[in-house]
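# Chain and residue survey
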Amino acid sequence: MTALAQVLMRRIKATGPITIAEYMADCLLHPKHGYYSTRDPFGRAGDFVTAPEVSQMFGELIGLCLAQVWLDQGRVASFTLAELGPGRGTLMADMLRAAKSVLGFVDAAQVHLVEASPILRDKQRETLAGRQIKWQDSADQLPDAPLFLIANEFFDALPIRQFVRDAPGWRERQVGVKDAALAFGLSDAAAVGALEHRSRDTSPGDMVEVCAPATAIMQTISQRIASHGGAALIIDYGDWRSRGDTLQALQDHAYDDVLAHPGEADLTAHVDFEALTNAASGVAVTTMTPQGVFLVRLGIGERAHALAKNLKGKALSSHLAAHHRLTDAGEMGTLFKSIALHPLGSAVPPGFAP
Ligand code: SAH
């Protein structure tokens, strides 16, 4: 049993079952035993690999996309360049390197990283050495200024609550203790105001997921962009409208039982892009676009071709495999989706449709 499992079982015995959101928050960010608080989980030796770790092309294209939006909106002299959940800092480093080719963009950027894990902050400091960076604990600490933002595989780490439709209302899924182990249970049925609209497209027994922190973050980001300009690109795995149980644990590149190793396995849930879109206000939100389509529109084919010219043997084959992995429908191309927020009436960011 993990150290965190013992902490949680003591707490549950003292004060009763906890929500999935409380469980997820402690598993990921408990100060002493949380998954992100205690390790760098990325790469082949870690538990999973993200798009910026697959290939430099991902960050380069995103950097150029945001730089083009900056040009389209009139090259504001100073703006916040923010990343939510920057992992190892690889994506931001690739963005800044590629965007150097757009005169003035990098000099006008004040880089802000929203990161909860002290270990990953250290890693980001190393990756981005030589660059002035500010770290923030949450998105609402970002300056009230023009905002150009990227969030890749960030929203999937935010705590969700799960509700099972019951004939008269909803039962919330909880984590309790049974036979000296953590076990799932359900609360009594109650009405849930935020789920009223889901009574039309669900039947008794169906599960839906709600992510309250995502709603709050979308409101913060859209307020900055509506007032001062900029854009936000959000990329994650998920789909339009939450349906069913998507909570999953990953350890050592394999699926794990969600309750088996709290604090030692990554926990994520699919992102509900409909909920993100509805939470944005005062800005335009693009159509949800599969990652593969987005990257192809940004020119990943041309970039892959240019890089391939200087590669041979193993380096060439791993570059071709990375291109495939980011864009192919059977890999990350379709499972991952993207949306962009931009000011009402401004040009739609490259790679997206209105
Ligand atoms: N964007 C990176 C990393 C994704 S993993 C990449 O694509 O490689 C999720 C990241 O979000 C990690 O850096 C993790 O520490 C951070 N994170 C998770 N929950 C967070 C929260 N509530 N607040 C701030 N950062 C968080």
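Here the structure is a predicted model, which means the values were calculated and not measured.

Counting secondary structure elements, the protein chain contains 14 helices and 17 strands. By the compact-globule yardstick of 20 Å for 354 residues, the protein chain fits well, its C-alpha radius of gyration being 21 Å. Counting all 354 residues of the protein chain, 54% fall into the buried class. Sequence separation of at least 24 residues holds for 76% of the intrachain contacts in the protein chain that already meet a minimum separation of 6. With an accessible surface of roughly 15500 Å², the protein chain has 52% of that area assigned to carbon and sulfur atoms. Across the protein chain, the mean location of the 32 positive side-chain charges is 4 Å away from that of the 39 negative side-chain charges.

Moving on: the site of the ligand. The environment of the ligand is formed by 19 residues, the closest being Thr50, Gly85, Gly87, Glu115 and Asn152. At a separation of 3.0 Å, an oxygen atom of the ligand approaches a polar backbone atom of glycine 87. Burial of the ligand by the protein amounts to 93% of the accessible area it has alone, namely 570 Å². Here the ligand is seated within the largest pocket.

With antiparallel pairing, 3 strands are arranged side by side in an open sheet as β12-β11-β13. Every interior strand has two partners, whereas the edge strands, β12 (254–256) and β13 (266–268), have only one. Along the sheet, successive strands turn relative to each other by an average axial angle of 40°, direction set aside. As judged from the 3 bridges shared by strand β11 (residues 248–251) and β13, these two strands associate in the antiparallel manner. Looking across to β13, one finds that alanine 249 is bridged to leucine 267.

Right, let's talk about the nonpolar core for a bit. Core analysis: the biggest nonpolar cluster contains 55 residues, and Tyr23, Leu84, Phe155 and Leu341 have the highest contact counts within it. Residue contacts for leucine 84: discarding those within four places in its chain leaves Val114, Ala139, Leu149, Ile150, Ala151, Asn152, Phe154, Phe155, Ile217 and Ile221. Within the second largest apolar cluster, 46 residues are counted, among which are Met57, Val102, Ala109 and Leu233.

Turning our attention to the layout of surface pockets. By volume, the largest pocket amounts to about 660 Å³. Lining the largest pocket are 35 residues, and of these Gly85, Glu115, Phe154, Ala157 and Leu158 sit closest to its centre. Of all the secondary structure elements, the ones that give two or more residues to the lining of the largest pocket are α2 (20–29), α4 (51–54), α6 (90–99) and α9 (212–228). Split by residue class, the lining of the largest pocket holds 20 nonpolar, 8 polar and 7 charged.

Counted under the stated rule, the structure contains 9 aromatic pairs. Measuring from centroid to centroid gives 5.2 Å for phenylalanine 42 and phenylalanine 48, while their planes differ by 80°, and the two rings are edge-to-face. No difference in accessibility class separates phenylalanine 42 from phenylalanine 48, as the two residues are buried. Relative to phenylalanine 352, the ring of phenylalanine 294 has its centre 4.6 Å away and its plane inclined at 35°; by these criteria the two rings are tilted.

Once that is clear, we can look at the pattern of salt bridges. Scanning all chains against the criterion turns up 17 salt bridges. Between glutamate 60 and arginine 97 there is a salt bridge, with the nearest N and O atoms lying 3.0 Å from each other. Here glutamate 60, found in helix α5 (residues 56–72), pairs with arginine 97, found in helix α6; they are 37 residues apart in sequence, far enough to count as distant. According to the relative accessible area criterion, arginine 97 is partly exposed, its value standing at 39%. Arginine 171 serves as the salt-bridge partner of aspartate 166, at 3.0 Å between the closest nitrogen and oxygen. Connected through shared salt-bridge partners, Arg198, Asp201, Arg241, Arg243 and Glu274 make up one network.

Where α5 contacts α6, the axes come no closer than 7 Å and their chain directions differ by 55°. As the angle between them shows, α5 and α6 are arranged oblique. Of the two elements, α5 crosses α6, and the hand of that crossing is right-handed. Within the contact between the two elements, α5 uses Gln56, Phe58, Gly59, Glu60, Ile62, Gly63, Leu64, Leu66 and Ala67 and α6 uses Leu91, Asp94, Met95, Arg97, Ala98 and Ala99. Among the residues making up the contact of α5 with α6, the classes are represented as 9 nonpolar, 3 polar and 3 charged.

This part is about the state of the cysteines. For the coordinates displayed, the defined rule picks out 0 disulfides. Cysteine cysteine 211 shares no disulfide, and the gap to the nearest cysteine sulfur, in cysteine 27, comes to 15 Å.

Next up on the list: the side chain of aspartate 266. Inspection of the secondary structure puts aspartate 266 in strand β13. For the buried aspartate 266, which has no salt bridge, the nearest side chain bearing the opposite charge is arginine 39, at an N-O separation of 8.6 Å. Here tyrosine 36 takes part through its side chain, which lies 3.3 Å from a polar atom of the side chain of aspartate 266. Beyond its immediate chain neighbours, meaning those up to four positions away, aspartate 266 contacts Leu28, Tyr35, Tyr36, Phe48, Gln248, Ala249 and Leu250.

Rules used throughout
Residues numbered from 1 in each chain as written. Predicted model: local features only at pLDDT ≥ 70, side-chain atom pairs only at ≥ 80, totals over all residues. Heavy atoms only, no water. Helix = DSSP H or I, 4+ residues; strand = E, 2+ residues; numbered from the N terminus. Rg over C-alpha atoms; globule rule 2.2 N^0.38 Å. Buried < 20%, exposed > 50% of the residue type's maximum accessible area, 1.4 Å probe, protein only. Contact = heavy atoms within 4.5 Å. Areas by Shrake-Rupley, 256 points an atom, 1.4 Å probe, with all protein chains shown as cover. Lys, Arg positive; Asp, Glu negative; His and termini not counted. Charge placed at Lys NZ, Arg CZ, Asp CG, Glu CD. Near = heavy atom within 4 Å. Polar contact = N/O pair within 3.5 Å; in protein donor to acceptor, adjacent residues only side chain to side chain. 1 Å grid on protein atoms, 1.4 Å probe; cavity = no way out; pocket = protein on both sides within 12 Å on 5 of 7 lines; lining within 4 Å. Sits in = over half its atoms within 2 Å of the grid points. Pairing = 2+ DSSP bridges. Axes fitted to C-alpha atoms, helices over the stretch in contact; angles between N-to-C directions. Core = buried A, V, L, I, M, F, W, Y, C linked by side-chain atoms within 4.5 Å. Points joined across faces, edges and corners; volume = space filled by probe spheres on them. Nonpolar A, V, L, I, M, F, W, Y, C, P; charged D, E, K, R; others polar. Phe/Tyr/Trp six-rings, centres within 6.5 Å; stacked < 30°, edge-to-face > 60°. Salt bridge = Lys/Arg side-chain N within 4 Å of Asp/Glu carboxyl O. Parallel < 35°, antiparallel > 145°, perpendicular 65-115°, else oblique. Left-handed = near helix turned anticlockwise from the far one by under 90°. Disulfide = S-S within 2.5 Å.

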